[in-house]
Amino acid sequence: MENQALLQNINIGPWKLRSRITMAPMTRGFANDVTGTVGEEVVTYYRRRARDGVGLIITEGITPSPQGKGTFGVPGLYTKEQADSWRKVTEAVHEEGGTIIAQLWHVGRLTHPDLIGGLAPQAPSAIQAEGLVHKLRKPFAMPAAMTTDEIRELVSQYTLAAKHAMEAGFDGVEIHGAHGYIIDQFASPITNSRIDNYGKDREGRLRLMKEVLSAVGEVVGMDRLSIRFSELKDDQTGYRWQEPERELDAYLYLFREVGLGIIHPSTNSFITPVAGGLSLHELVRQRWNGAVIGVGGLTPSSASDAIVAGVIDLAAFGKPLLADPDFVQRLRTGQPQIPYEPTLHLKHLL
């Protein structure tokens, strides 16, 4: 069978996954906009993908802080009420034999006071992003440069959110460290002009990422922790690393230093060369022996090929799983896939 490799079960750390198919994190915006809690429609949404046989489900981005919210309807994990609402989701996924991890997502400067209680967005430096806030359609607001105490508080917020995630029954946590959000803002010289220990050089710019991974890893276990990282920025569509291999080596050195075992390199195109004729994931595999989640416009065929070649261990799909909650079963039975239709599938949860 063409997709046999993709449909194999696999053990990743403590997770016994029924397939190598991963549900990519996709912002849905169906949480209560005031409380940040999720309801029955979200329970059904994740239950159906678990029932289908998805190996690993990564949730939509969940904010660890009221100031981390970047659009309407973003769920949270900074209160007990929010954690309790997510418990219904994890129970449903586990009833169907699935595995689910919570992605913690703080947008940093990519927001507006209208979404975060009138406060200025948080960022490493007071450098305003260009563009419009998702759904709100107002320009990104000027952020306030975080103090050292505020950075420490941010790490504590990630830690508390991770505790809430485990109390809610999640099987692990993923840190969103990509796409121009808070952790990536600290990592980038474009958005980080600090001259203290959280800036100045590459080591300083990666310090927040290291502290968050270390703190969350202590709570959930390093074998249950993943990080999404990338050169891509949601607010700077043309940005690319000037020295891809040096940047990648710095990230991977950090991940090994903290004891991470699972990484999620993010790219829009899985096959596009980044350096030396190799794609991002091929570069990663040359340098990394741990588990790799592949993503970036994968098809079942290209994902299976990458798994057979040893480039990735898990393959993440977004739009195909949004379009079809029976995606995995269609692969197993050889039925045609349901094509993704933006006008239809962006509006509906189930």
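All values derive from a computational prediction rather than experimental measurement.

1. Focus: the layout of surface pockets
No. 1: If you add up the space inside the largest pocket, you get close to 1500 Å³.
No. 2: As for the largest pocket, its lining consists of 47 residues, and the residues nearest its centre are Pro25, Met26, Thr27, His179 and Asp234.
No. 3: Elements with a minimum of two residues in the lining of the largest pocket: strand E4 (56-62), strand E14 (314-317) and helix H11 (319-323).
No. 4: Looking at which element gives the most residues to the lining of the largest pocket, the answer is H11, with 3 residues.
No. 5: Its residues assigned to classes, the lining of the largest pocket shows 20 nonpolar, 17 polar and 10 charged.
No. 6: If you add up the space inside the second largest pocket, you get close to 190 Å³.

2. Quick look at empty space enclosed by the protein
No. 1: Under the defined criterion, the tally for this structure stands at 2 cavities of 30 Å³ or more.
No. 2: Taken as a whole, the largest cavity encloses approximately 50 Å³ of empty space.
No. 3: Mapped onto the lining of the largest cavity, the elements with two or more residues apiece are helix H5 (182-187) and helix H8 (244-258).
No. 4: Broken down by class, the residue content of the lining of the largest cavity amounts to 5 nonpolar, 1 polar and 4 charged.
No. 5: What lines the second largest cavity is Arg109, Gly180, Asp184, Gln185, Thr191, Lys233, Asp235 and Gln236.
No. 6: Among the residues forming the lining of the second largest cavity, the class breakdown is no nonpolar, 4 polar and 4 charged.

3. Points about unusual backbone geometry
No. 1: Positive phi values are uncommon outside glycine, yet Lys135 reaches one of about 70°.
No. 2: With respect to the helices, strands and loops of the structure, Lys135 is situated in the loop between strand E6 (122-123) and strand E7 (144-145).
No. 3: If you check the backbone angles, Arg137 has positive phi at about 60° while not being a glycine.
No. 4: Note on placement: Arg137 falls in the loop between E6 and E7.

4. Points about the packing of aromatic side chains
No. 1: Evaluation of the coordinates by the stated rule reveals 11 aromatic pairs.
No. 2: Between Tyr45 and Tyr46, the ring centres sit 4.9 Å apart and the planes meet at 70°, which makes this aromatic pair edge-to-face.
No. 3: Under the relative-accessibility criterion, Tyr45 is labelled buried at 1%.
No. 4: Aromatic side chains Phe186 and Tyr198 sit 6.4 Å apart centroid to centroid with 80° between the ring planes, which places their arrangement in the edge-to-face category. Of the two residues, Phe186 is situated in helix H5 and Tyr198 in the loop between H5 and helix H6 (202-205); the sequence distance between them amounts to 12 residues. Both residues of the pair, Phe186 and Tyr198, count as buried.
No. 5: Among the aromatic side chains, those forming a connected cluster through ring pairs are Phe229, Trp241, Tyr251, Phe255 and Trp288.

5. Notes on helix H2 (residues 40-52)
No. 1: The first and last C-alpha atoms of H2 sit 18 Å apart over 13 residues, in line with the 18 Å expected at 1.5 Å per residue.
No. 2: Within H2, burial applies to Val42, Val43, Tyr45, Tyr46, Arg49, Ala50 and Asp52.
No. 3: Turning to H2, the residues buried within the fold contact strand E3 (21-23), E4, helix H3 (80-95), strand E5 (100-104), H11 and helix H12 (327-333).
No. 4: Once H2 finishes, Gly53 follows within two positions and takes phi at roughly 110°, a positive value.

6. Side note on the sheet that holds strand E8 (residues 173-176)
No. 1: If you walk around this closed barrel you meet the 8 strands as E3-E4-E5-E8-E9-E10-E13-E14, and the pairing is parallel. Taking each pair of neighbouring strands and ignoring which way they run, the sheet shows an average axis angle of 25°.
No. 2: In terms of strand pairing, strand E9 (residues 225-229) meets strand E10 (residues 262-265) through 4 bridges, oriented parallel. Within E10, the position partnered with Ser226 by the bridge is Ile262.
No. 3: Sheet contacts for helix H7 (residues 207-220): E8 and E9; angle to E9, the most-contacted strand, approximately 155°.
No. 4: Where H8 meets the sheet, it contacts E9 and E10, and its direction lies at approximately 165° from that of E9.

Quick notes on the rules
Residues numbered from 1 in each chain as written. Predicted model: local features only at pLDDT ≥ 70, side-chain atom pairs only at ≥ 80, totals over all residues. Heavy atoms only, no water. 1 Å grid on protein atoms, 1.4 Å probe; cavity = no way out; pocket = protein on both sides within 12 Å on 5 of 7 lines; lining within 4 Å. Points joined across faces, edges and corners; volume = space filled by probe spheres on them. Helix = DSSP H or I, 4+ residues; strand = E, 2+ residues; numbered from the N terminus. Nonpolar A, V, L, I, M, F, W, Y, C, P; charged D, E, K, R; others polar. Phe/Tyr/Trp six-rings, centres within 6.5 Å; stacked < 30°, edge-to-face > 60°. Buried < 20%, exposed > 50% of the residue type's maximum accessible area, 1.4 Å probe, protein only. Expected span 1.5 Å × (residues − 1). Contact = heavy atoms within 4.5 Å. Pairing = 2+ DSSP bridges. Axes fitted to C-alpha atoms, helices over the stretch in contact; angles between N-to-C directions.

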